[in-house]
Amino acid sequence: MTDFDPAAIERWALGYLNQLADGGRRGVLMGGSIARGEQWAHSDLEAGLLVEVRDPSLPYFNVDSDRGVEVIQLIGPELIKQLEEVEGGNLAAMSTWPIQMYQARVISDPTGLLTRFVAQFDRHLFSPCVVRTKLAHHGTKAAHALDRARALVAADRTRGALCEVRGAMNEAVLALHWSLGELPRSHNRVDSRLRDLTTRHGLPEFYALYREVFELDTADEVVGHDWPVVKDRVLQIAAGWRAGAFFETAVDGTFSWGENGGIISVYRLFIPIVGRPDAGIFDSLDEPGWAGANLGLLRFLGLASANAKMVSRLAERIDHALTAIKAQRHPST
């Protein structure tokens, strides 16, 4: 990793957030790795913005000074109700709070609501009941994705099925973190972070499964061969989420960060499902004519060689991994 100045990243983040706070009139949080003092050279910023009603005109994905910014809207009336429940001992609502705001830093809080939110979040996020809810949530999402994958295999739509399997694997990665009492974080560095996590906990087979599901052995090859050809197309697809500039800036459009495995897995997880179900490429992946005209894109996304036997086997292995995660005892219980 190249040398970087953590203090400079923090100064940039504070400048952006102070503008977002509009002179202290709006409640704003600094979240993510920058708030926790764990930033790296290419950290983006997770900003929590307190609003009365959701503003659909405010993009979630943003870019400022060549860094990504995710603006997470916290809806005031909903948050007040949830905080009253949590402060009264019912922690159920906490499982829906965005984990990017764990250990967040209050930048502006004219109502005092965000200070209460941060205090409860930091105190209770890893409570056994919250962790159990998180595990159940990710396990259910993974199971539904695997059901959809098997249905797609039966319909001879194996590329779409592999996309669903990757969604299930992502849920399994999140579940594994919770089961081990660790905060899931940093999609861009999921490969190196997961390697570290599974090494520390003696789970190399889980890391190997993740690598196989996302076909990461092809990462360097497709970055050199296919990415220059398909880059504009990929960013055009990302624009379906108003995230083209964000993907180029915050998901290493230059592939120069030394995190190719994690970056490729982000593209392979999300690009096929952008715009789904009404737009995007998901419903075209298994059409022979479309596939023939987009072979470079399919190679970059690790979908070109998908077949029923391989996808079914991966789905079964993820099922087994989820069963093993459920059987683990959380460190705090």
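Report on the accompanying structure.

What to know about the overall build of the protein
Helix and strand counts for the protein stand at 15 helices and five strands. Relative to its length of 333 residues, the protein is compact, with a C-alpha radius of gyration of 20 Å against a globular reference of 20 Å. For the protein, the C-alpha atoms occupy an extent of roughly 55 × 45 × 40 Å along the three principal directions. The 333 residues of the protein split such that 53% are buried.

Let's talk about the packing of helix α5 (residues 128-154) against helix α15 (residues 308-327)
In the contact formed by α5 and α15, the axes pass within 10 Å of each other and the chain directions differ by 160 degrees. Regarding the angle of α5 to α15, the classification is roughly antiparallel. Like other packed secondary-structure pairs, α5 and α15 cross with a definite hand, here left-handed. Residues Leu135, Ala142, Leu146, Arg150 and Val153 of α5 lie in contact with α15, whose contacting residues are Ala308, Val311, Ser312, Ala315, Glu316, Ile318, Asp319, Leu322 and Ile325. Class assignment of the residues belonging to the contact of α5 with α15 gives a composition of 10 nonpolar, one polar and three charged.

Side note on empty space enclosed by the protein
Per the counting criterion, the structure on display carries one cavity of 30 Å³ or more. Size it by volume and the largest cavity reaches roughly 60 Å³. Residue lining of the largest cavity: Asn170, Val173, His187, Val190, Tyr210, Phe214, Ser265, Val266 and Leu269, and that is the complete set. Classifying every residue of the lining of the largest cavity gives six nonpolar, three polar and no charged.

Here we look at the packing of helix α6 (residues 158-179) against α15
Remark: α6 packs on α15, axes separated minimally by 10 Å, with the N-to-C direction vectors making an angle of 15 degrees. Judged by the inter-axis angle, α6 sits roughly parallel to α15. Viewed along their axes, α6 and α15 form a crossing whose handedness is left-handed. Taking contact as the criterion, the partners of Thr158, Ala161, Leu162, Val165, Ala168, Met169, Ala172, Ala175, Leu176 and Ser179 in α6 are, on α15, Ala308, Met310, Val311, Leu314, Ala315, Ile318, Leu322 and Ile325. Across the contact of α6 with α15, the residue classes tally to 16 nonpolar, two polar and no charged.

Remarks on the pairing of strand β4 (residues 67-75)
In terms of burial, β4 is a largely internal element, nine of the nine residues being buried. Neither face of β4 is open: one carries Arg67, Val69, Val71, Gln73 and Ile75, the other Gly68, Glu70, Ile72 and Leu74, and all of them are buried. Pairing between strand β2 (residues 45-51) and β4: seven bridges, direction parallel. Of the residues in β4, the one forming a bridge with leucine 45 is valine 69. Note: strand β3 (residues 61-64) against β4, four bridges, orientation antiparallel. Considered in β4, the bridge of valine 63 is made with glycine 68. Count of turn residues in the β3/β4 antiparallel hairpin: two residues, of which serine 65 carries a positive phi of about 50 degrees.

Quick notes on the sheet that holds β3
Reading across from one edge, β3-β4-β2-β1-β5 is the order of the five strands in this open sheet, with mixed pairing throughout. Each edge of the open sheet is held by one strand with a lone partner, namely β3 and β5 (105-108). Taken pair by pair, the neighbouring strands of this sheet meet at an average axis angle of 30 degrees, ignoring direction. Running over the sheet, helix α3 (residues 76-87) touches β2 and β4 and is turned about 65 degrees from β4.

Let's talk about the packing of aromatic side chains
Per the counting criterion, the structure on display carries 19 aromatic pairs. Between tryptophan 97 and phenylalanine 117, the aromatic rings sit 4.8 Å apart at their centres with planes inclined by 55 degrees, giving tilted as the arrangement. Here tryptophan 97 is found in the loop between α3 and β5, whereas its partner phenylalanine 117 is found in helix α4 (residues 113-124), with 20 residues between them in sequence. Residue classification places tryptophan 97 among the buried residues on the basis of a relative accessible area of 3%. The class of phenylalanine 117 is buried, set by a relative accessible area of 0%.

Some points on helix α8 (residues 204-213)
Considered for burial, the residues of α8 that qualify are Phe206, Tyr207, Leu209, Tyr210 and Val213. Buried residues of α8, seen end-on, are gathered within an arc of 160 degrees and therefore sit on one face of the element. On its buried face, α8 is in contact with α6, α7 (190-200), α12 (260-270) and α15. In the segment just after α8, glutamate 215 is the residue with positive phi, at about 50 degrees.

Remarks on the environment of arginine 105
Structurally, arginine 105 can be placed in strand β5. For the pair arginine 105 and glycine 31, spaced 74 residues apart in sequence, the C-alpha separation works out to 6.5 Å. Contact partners of arginine 105, with chain neighbours within four places excluded, come to Glu10, Val28, Leu29, Met30, Ile34 and Ala35. In terms of polar contacts, arginine 105 uses its side chain to reach the side chain of glutamate 10, at 2.7 Å.

Scoring rules and cut-offs
- Position numbers for residues count from 1 along each chain, tracking the sequence in the order it is written.
- Where totals are concerned, whole chains, interfaces and linings use all residues; where local detail is concerned, this predicted model gives features only for residues with pLDDT of at least 70, and gives and counts side-chain atom pairs only at 80 or more.
- As a rule here, side-chain values come from all non-hydrogen atoms in the structure, and water together with hydrogens is ignored.
- Only DSSP runs of H or I reaching four residues or more are called helices, and only runs of E reaching two or more are called strands; each is numbered from the N terminus.
- What the globule rule says is 2.2 Å times the number of residues to the power 0.38, and the radius of gyration is computed from C-alpha atoms.
- Each residue is placed in one exposure class: buried if its accessible area under a 1.4 Å probe, protein chains only, is under 20% of its type's maximum, exposed if it is over 50%, and partly exposed if it falls in between.
- Comment: axis = line fitted to C-alpha atoms, over the contacting stretch for helices; angle = value between 0 and 180 degrees taken between N-to-C directions.
- For this classification, under 35 degrees means roughly parallel, over 145 means roughly antiparallel, 65 to 115 means roughly perpendicular, and everything else is oblique.
- Should the near helix be turned anticlockwise from the far one by less than a right angle, the crossing is termed left-handed; should it be turned clockwise, right-handed.
- For this analysis, residues touch if any pair of their heavy atoms sits within 4.5 Å.
- Polar here means any residue outside two lists: the nonpolar Ala, Val, Leu, Ile, Met, Phe, Trp, Tyr, Cys and Pro, and the charged Asp, Glu, Lys and Arg; Gly therefore counts as polar.
- Residues are called lining when one of their atoms sits within 4 Å of a cavity or pocket point, these points coming from a 1 Å grid over the protein atoms alone, where a cavity is a set in which a 1.4 Å probe fits but cannot get out and a pocket is an open set with protein on both sides within 12 Å along at least five of seven lines.
- Grid points are joined across faces, edges and corners, and a volume is the space filled by probe spheres set on the points.
- DSSP calls a pair of strands paired once it identifies at least 2 bridges connecting them.
- What counts as a ring pair is set by centres within 6.5 Å for rings of Phe, Tyr and Trp (its six-membered ring), and what kind of pair is set by the plane angle: stacked under 30 degrees, edge-to-face over 60, tilted for all other angles.
- An arc is given here, and it is the one of the directions from the helix axis to the C-beta atoms.
- Side-chain atoms alone can form a polar contact between residues adjacent in sequence; in general such a contact is a pair of N or O atoms within 3.5 Å, and within protein one must be able to donate a hydrogen while the other accepts it.

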